[in-house]
Amino acid sequence: MKALILVGGFGTRLRPLTLSAPKPVVPFANKEIVLHQIEALVKAGIDEVVLAVNYQPEKMMEAFPTSPTWVGGKLQLGIRISTSLEEEPLGTAGPLKLAESILGSDGEPFIVLNSDVICTFPFEELIAFHKAHGKEGTIMVTKVEEPSKYGVVVSDGDGKIERFVEKPQVYVGNRINAGIYIFNPAILERIPLAPTSIEKKIFPVMADEGQLYCMDLPAFWMDIGQPPDYLKGMVMYLSALASGDVSGEGPSGATFVGSLVEGDNFIGPVFMHPDAVVDETALVGPNVVIGPGCSIGAGARVQRTTLLAGAKVKAHAWVKSSIIGWNSTVGRWARLQNISVLGEDVKITDELYINGARILPHKTIKDDIPTPSIVM
Ligand code: GDD
Ligand code: MG
């Protein structure tokens, strides 16, 4: 069975991180977002994954695997991974048509994923449910509190979708499209080789024809394409990790990952790379991910935060609900909070107060930022 991952969006809502790396290769729990998905697909027996790429293709190619290993031989995944490069952005449906020769080659259903969703990826259950109802498509759904930023689904008791409304302006329901699908190759006949939204142009028609079913996701789910949601997803993922619902391991040869750590100066869950260093007088957690080469200094306090590779939190700094970008530094006695996101190589000098700031790469900050703002 084949799968396609839509890795082409611009990732603007995850800036400043996506100024340094395409969204699918931004690390989440010390592993590229897309790698969480590829590993789950491999476990479910998928033998070929197509990456539908249009944005920063050269950066994607550098970071993404080609069959049978990642470029540079970093990872062994044991499946074929190909890339399908768009000349213009084809939206969320067009890329399926572009990859028709692969997706339609064996007559079997194929899986499609948005690249920014995190969950336990229950593909086996999805495949079984899809084959049992026998119609053209199945989408996974989940309940959320704020449905207006998603695609909303209304279905009957058997899971047959009656309505699909993308980003509804008025309340339709709270069960939403989780961005994980399985389709029969017949769907390819509905899609033109042109920019097309699967959510706006294809799903509503399939629903009208009774060809689209939905299946509820059993456990946690989050679209991590925006900083507040990235952190919410991190909290969910870490508790799934602590209860054994996800493994947190990487494939053989992975340079990232880590393990849940315990000790007097950790309040779990804290997931830490083995090369990171935390001073024994710091207090870290709950809900912290610490990447490779990171350090947390004496007396520092860090909670609900991700530190990307090489990030440094200096002595006595206080950090909460923030993302510290690659090789960035938080100075001594600094206070960082309220979804502050530091791009790559940002320096916060000592004793500053940073509240809800998004700071672009390579900036040195010398003054307080007391109200949420973007620093160019
Ligand atoms: N190859 C390619 N080409 N991929 C694209 C393109 C394109 O032109 N445009 C978007 N994508 C990819 C994005 O990278 C992402 O993986 C996926 O398609 C969805 O795009 P987003 O921009 O993340 O959409 P969204 O989050 O607003 O909404 C979508 O996801 C929600 C769940 O997270 C929709 O599918 C909603 O219905 C859904 O509820
Ligand atoms: Mg998204």
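Cut-offs and rules
- Numbering of residues begins from 1 in every chain and follows the order in which that chain's sequence is written.
- Following the order in which they are written, the chains are lettered starting with A and the ligands numbered starting with 1.
- With the structure being a predicted model, the display of local features is reserved for residues of pLDDT at least 70 and the display and counting of side-chain atom pairs for 80 or more, all residues being used for whole-chain, interface and lining totals.
- Only heavy atoms go into the side-chain values, all of them from the structure, while hydrogens and water stay out.
- A 1.4 Å probe rolled over the protein chains alone gives each residue an accessible area, and that area as a share of the maximum for its type sets the label: buried under 20%, exposed over 50%, partly exposed in between.
- Strands are runs of DSSP state E lasting at least 2 residues, helices are runs of H or I lasting at least 4, and numbering of each runs from the N terminus.
- Any residue with a heavy atom positioned within 4 Å of a molecule or strand is treated as near that molecule or strand.
- Here a polar contact means two N or O atoms within 3.5 Å. Within protein one must be a hydrogen donor candidate and the other an acceptor candidate, and residues neighboring in sequence count only if both atoms are side-chain atoms.
- Residue-level accessible areas treat just the shown protein chains as cover; the underlying method is Shrake-Rupley with a 1.4 Å probe.
- Salt bridges are counted wherever a side-chain nitrogen of Lys or Arg sits within 4 Å of a carboxyl oxygen of Asp or Glu.
- Note on aromatic pairs: the rings of Phe, Tyr and Trp (six-membered ring only in Trp) are paired at centre separations within 6.5 Å, and the planes decide the class, stacked below 30 degrees, edge-to-face beyond 60, tilted for the rest.
- UniProt positions are given in the numbering used here, feature names are shortened, and annotations may be inferred rather than shown by experiment.
- Pairing between strands is defined by DSSP: at least two bridges between the two strands are required.

A. Helix H1 (residues 33-43), seen in detail. For H1, the buried fraction is high: nine of the eleven residues fall into the buried class. Every buried residue of H1 is listed here: Ile 33, Val 34, Leu 35, His 36, Gln 37, Ile 38, Glu 39, Ala 40 and Leu 41. Two residues or fewer after H1 comes Gly 45, characterised by a positive phi angle close to 90°.

B. Spatial organisation of the site of ligand 1. Inspection of the region around ligand 1 gives 27 residues, with Glu 86, Glu 166, Asn 177, Glu 199 and Asp 223 positioned closest. A distance of 2.8 Å separates an oxygen atom of ligand 1 from a polar backbone atom of Gly 91. With respect to ligand 1, the backbone of Ser 115 contributes an N or O atom lying 2.7 Å from an oxygen atom. For ligand 1, the protein covers 90% of the area, taking 740 Å² as the surface of the free molecule. For the shell around ligand 1, the elements supplying multiple residues, two or more each, are strand E13 (175-183) and strand E15 (221-223).

C. The pattern of salt bridges, seen in detail. What the rule picks out here adds up to 14 salt bridges. In this structure, Glu 166 and Lys 167 form a salt bridge, with 3.0 Å as the shortest nitrogen-oxygen distance. You can call Lys 167 partly exposed: its relative accessible area is 39%. Sharing partners across several salt bridges, the network here consists of Lys 2, Asp 47 and Glu 48.

D. Expanded view of the packing of aromatic side chains. Applying the stated rule across the entire model yields nine aromatic pairs. Ring geometry for Tyr 150 and Trp 221: centres 5.6 Å apart, planes at 70°, overall edge-to-face. On the criterion of sequence distance, the pair formed by Tyr 150 in the loop between strand E10 (137-143) and strand E11 (151-155) and Trp 221 in strand E15 is long-range, its members being 71 residues apart. Comparing Tyr 150 with Trp 221, the two get one shared label, buried.

E. Spatial organisation of the UniProt feature "domain: Mannose-1-phosphate guanyltransferase C-terminal" (unreviewed entry) in the protein chain. UniProt annotation of "domain: Mannose-1-phosphate guanyltransferase C-terminal" (unreviewed entry) refers to residues 267-375 when read in the numbering used here. For the annotated span residues 267-375, helix accounts for 0% and strand for 45% of the residues, and the straight-line distance between the end C-alpha atoms is 32 Å.

F. Local environment of the sheet that holds strand E28 (residues 347-348). Spatially, E18-E21-E23-E25-E28-E31 is the arrangement adopted by the six strands of the open sheet, whose pairing is parallel. If you trace the sheet from one side to the other, it starts and ends with strand E18 (277-278) and strand E31 (364-365), each paired once. Pairing analysis gives two bridges linking strand E21 (residues 295-296) to strand E23 (residues 312-313), with the strands arranged parallel. Paired with Ser 295 across the strands is Lys 312, a residue of E23.

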